[in-house]
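Examination of the molecular architecture
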Amino acid sequence: MSTKSQKTFKHLEATNGAYKFNLKSSVFDGLTISFVLAVLVYLLLQPNEDELLLLGRNSSWYGVLFVLSMLASYFVNRQGIKTWGEKIFEPDYRKTHGEEVPMLKSFWGWQAVITMLISFAIGLRVTEFSFEKVLDRDGFQGAVRIFSELLRPNFEILPRAVVRMFETIFMAFIATAFAIPIAFVLSFFAAKNIMKHPLAFVFYLLLRTLLNITRSVEAFMWAIIFAVWVGIGPAAGMLALMIHSIASLAKQYSEIIESVGDGPIEGVLSCGANKLQTIWYAIVPQVVLPFISFTVYRWDINVRMATIVGFVGGGGIGKLLIAYQGQAQWKEVGCIFLVIAIVVWLLDQGSAYIREALK
Amino acid sequence: MSAPILSVKNLTKTYPNGVQALKDISFEVQQGEFLVVIGLSGSGKSTLLKCINRLLDPSSGQILFKSQKDKSLDIAKLEGADQIRNLRTKIGMIFQHFNLIPRHSVLSNVLMGRLSSTSTLKSILGIFSEKDRDEAMKYLKLVGISEKARIRADQLSGGQQQRVAIARALAQNPEVLLADEPVASLDPATCHVVMDYLKKVNQELGITVICNLHFLSLVRQYATRVIAMKDGRIVYEGLPSEIDEKWFEKIYGEGAKEVHVN
């Protein structure tokens with residue numbers, strides 16, 4: 001005899017039925033369930049614009065919903081019914097036990113589907129998406145106008161666009177070049193397998209946090225800052241890209257370092273090598289190629305970002321583009337589009353070939 | 001026979017996850033011996049070797065090391081990176097997967113054995129003394145692979161890589177050589193070549209060898225004495241010729257059959 005309730009209890013039997021509070025899964029369920037509840041409350045109360053702007057009041061009510069959702073998640077899980085959060089974050093010893101239940105016959109499956117559908121519906125409303133607008137006669141004529149101009153680029157400004165494009169490429173190049181040595185050194189201090197000593201581990205955590213914060217500030221935000229600091233121009237753009245590249249490369253480098261094989265490390269250690277010698281001879285040879293591969297990719301990304309960075313005071317082709325766009329000179333904009341697209345395409349292909357060859 | 005070069009007393013090792021790999025191990029190793037440790041995977045052989053050169057830290061017990069060149073010391077009591085490095089210079093080690101630096105040349109790999117006596121700055125710039133280079137070449141000749149000195153280590157076959165690893169360990173001028181399953185990932189024919197070089201190192205250079213092995217036929221051929229381990233304990237200690245079918249079943253479990261390497 002196999003009823004539904006027996007099936008859902010299956011995953012608890014493996015560990016004698018004891019469900020332990022799981023923070024990650026509770027937070028995940030708390031967020032997803034309270035989101036659905038918040039949407040229901042919104043539909044029930046139909047608040048106006050002014051009421052929506054009462055951030056303090058609304059967030060404290062949301063907080064209540066969040067806590068209630070977390071509690072609900074806990075009690076549902078304790079009943080032996082797996083929630084979405086538990087499905088994702090349950091510990092491995094549970095995951096490997098119990099029967100696999102088809103998604104749409106399980107609680108978590110329906111929870112996931114309902115949350116996704118509601119997100120989709122809300123998303124459509126918030127982004128004011130409608131097919132009418134895209135196909136609307138006036139709007140469509142606007143599209144025809146801009147395309148007809150963009151597709152007949154004004155090649156008179158081509159020389160200037162090319163010169164500015166070179167500025168952008170070198171901006172990205174110098175930013176990457178400066179970032180490499182700094183990121184290289186930092187990456188070893190940001191690798192868990194090197195910073196094992198308790199004191200070193202504290203430093204590792206601090207550095208990781210600092211890098212994460214730096215990385216969460218996008219390059220164009222740094223450009224806004226540096227445009228004031230060193231003045232509008234390629235130097236500001238270069239500095240912005242450099243800061244962002246250091247943080248990104250240091251993270252990628254350190255992840256490579258964390259994945260190196262233990263064999264050569266043991267081999268060199270057994271010879272009586274010290275820490276620096278071990279890093280240099282056992283770790284560096286293993287990471288050089290992936291480092292180069294990530295660095296080439298970073299340069300590629302930097303060229304694309306350099307265009308955006310130019311919009312906000314970083315110089316280069318972005319600055320030229322924003323000037324013509326502001327005056328609605330679409331033929332000139334078309335020419336610049338073409339230059340950017342060709343360069344990005346070439347670099348994309350080139351860096352892909354290089355990375356493939358380095359494997 | 002002189003005093004033992006190594007005497008292990010009541011050695012235990014418990015991993016952080018709670019696994020007890022070594023349970024109260026005691027044995028002695030005489031100067032110049034070719035001691036082989038046998039046992040199933042997971043019986044604690046590798047852990048034992050790695051405790052001797054402190055790639056792992058023992059949980060309790062003693063490992064007395066009576067060096068010919070230096071004063072005696074208890075390996076298990078060593079603390080700090082400097083003391084442990086100093087110990088490792090006297091105890092060489094080779095591994096099942098060779099653990100060479102794949103992208104470096106054979107010679108550069110052997111020079112790793114000289115790292116401990118080269119300053120950090122010089123070693124990072126790759127500056128090794130003429131004497132070190134000569135010595136490295138000498139040991140490459142000893143294992144019959146000197147003509148490959150300039151070739152990248154990952155271009156060599158498994159057996160050749162293991163010989164480079166032996167040369168690297170010898171470049172340290174060790175008094176003891178630890179060999180952790182040195183032939184487990186080699187084909188049977190290459191097995192003997194590598195084992196023969198280990199024997200040569202043992203007999204010609206007088207280096208004490210402690211070697212983990214799987215195959216009993218190799219044990220009979222090369223060992224001067226055998227220790228068998230099971231579940232972290234020593235279950236047999238004696239001469240290789242004394243291991244009969246009964247002992248074999250005790251060590252490897254009932255129904256196990258001996259496999260021969262030709």
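The structure we're discussing is the one just above.
In short, a report on the structure. (Residues numbered from 1 in each chain as written. Chains lettered and ligands numbered in written order. Predicted model: local features only at pLDDT ≥ 70, side-chain atom pairs only at ≥ 80, totals over all residues.)

Residues and elements named next belong to chain B. Pairing within the open sheet is mixed, and its six strands lie in the order 6-7-8-3-9-10. Lying at the two open borders of the sheet, with one neighbouring strand each, are strand 6 (91–94) and strand 10 (233–238). Across the sheet, the mean angle from the axis of one strand to that of its neighbour is 20°, orientation sign disregarded. Of the strand pairs in this sheet, strand 6 and strand 7 (residues 176–179) are connected by four bridges, and their pairing is parallel. (Pairing = 2+ DSSP bridges. Helix = DSSP H or I, 4+ residues; strand = E, 2+ residues; numbered from the N terminus. Axes fitted to C-alpha atoms, helices over the stretch in contact; angles between N-to-C directions.)

Taken together, the contact pairs 23 residues of chain B with 17 residues of chain A. When contributions to the side of chain B that touches chain A are tallied by element, the ones reaching two or more residues are helix 2 (80–90) and helix 4 (120–124) of chain B. Per element, the largest residue contribution to the side of chain B that touches chain A is four residues, and it comes from helix 2 of chain B. The class makeup of the residues in the side of chain B that touches chain A is nine nonpolar, 10 polar and four charged. (Contact = placed C-beta atoms within 7 Å. Nonpolar A, V, L, I, M, F, W, Y, C, P; charged D, E, K, R; others polar.)

It is worth spelling out helix 15 (residues 275–314) of chain A at this point. Residues and elements named next belong to chain A. Its 40 residues place the ends of helix 15 only 42 Å apart at the C-alpha level, less than the 58 Å of an ideal helix rising 1.5 Å per residue. At Val-284, helix 15 shows its strongest bend, of approximately 55°, with the proline Pro-285 following within four residues. Looking one or two residues beyond helix 15, the residue adopting positive phi is Gly-315, at roughly 75°. (Expected span 1.5 Å × (residues − 1). Bend = angle between axes of the 7 residues up to and from the residue.)

This paragraph deals with the pairing of strand 7 of chain B. A regular strand carries its side chains on alternate faces of the sheet. Residue and element names in this part refer to chain B. Residues Val-176 and Leu-178 line one face of strand 7 and the alternating positions Leu-177 and Ala-179 line the opposite face, and both faces are buried. Pairing of strand 7 with strand 8 (residues 208–213), which is carried by four bridges, proceeds in the parallel orientation. The partner of Leu-178 across the bridge, within strand 8, is Ile-210. Traced from strand 7 through helix 7 (residues 188–204) to strand 8, the parallel crossover comes out right-handed. (Buried ≥ 20, exposed ≤ 12 C-beta atoms within 10 Å, placed from the backbone. Right-handed = clockwise from strand over helix to strand, strands pointing away.)

So, to be careful, I would describe these as geometric facts and stop short of saying anything about function.
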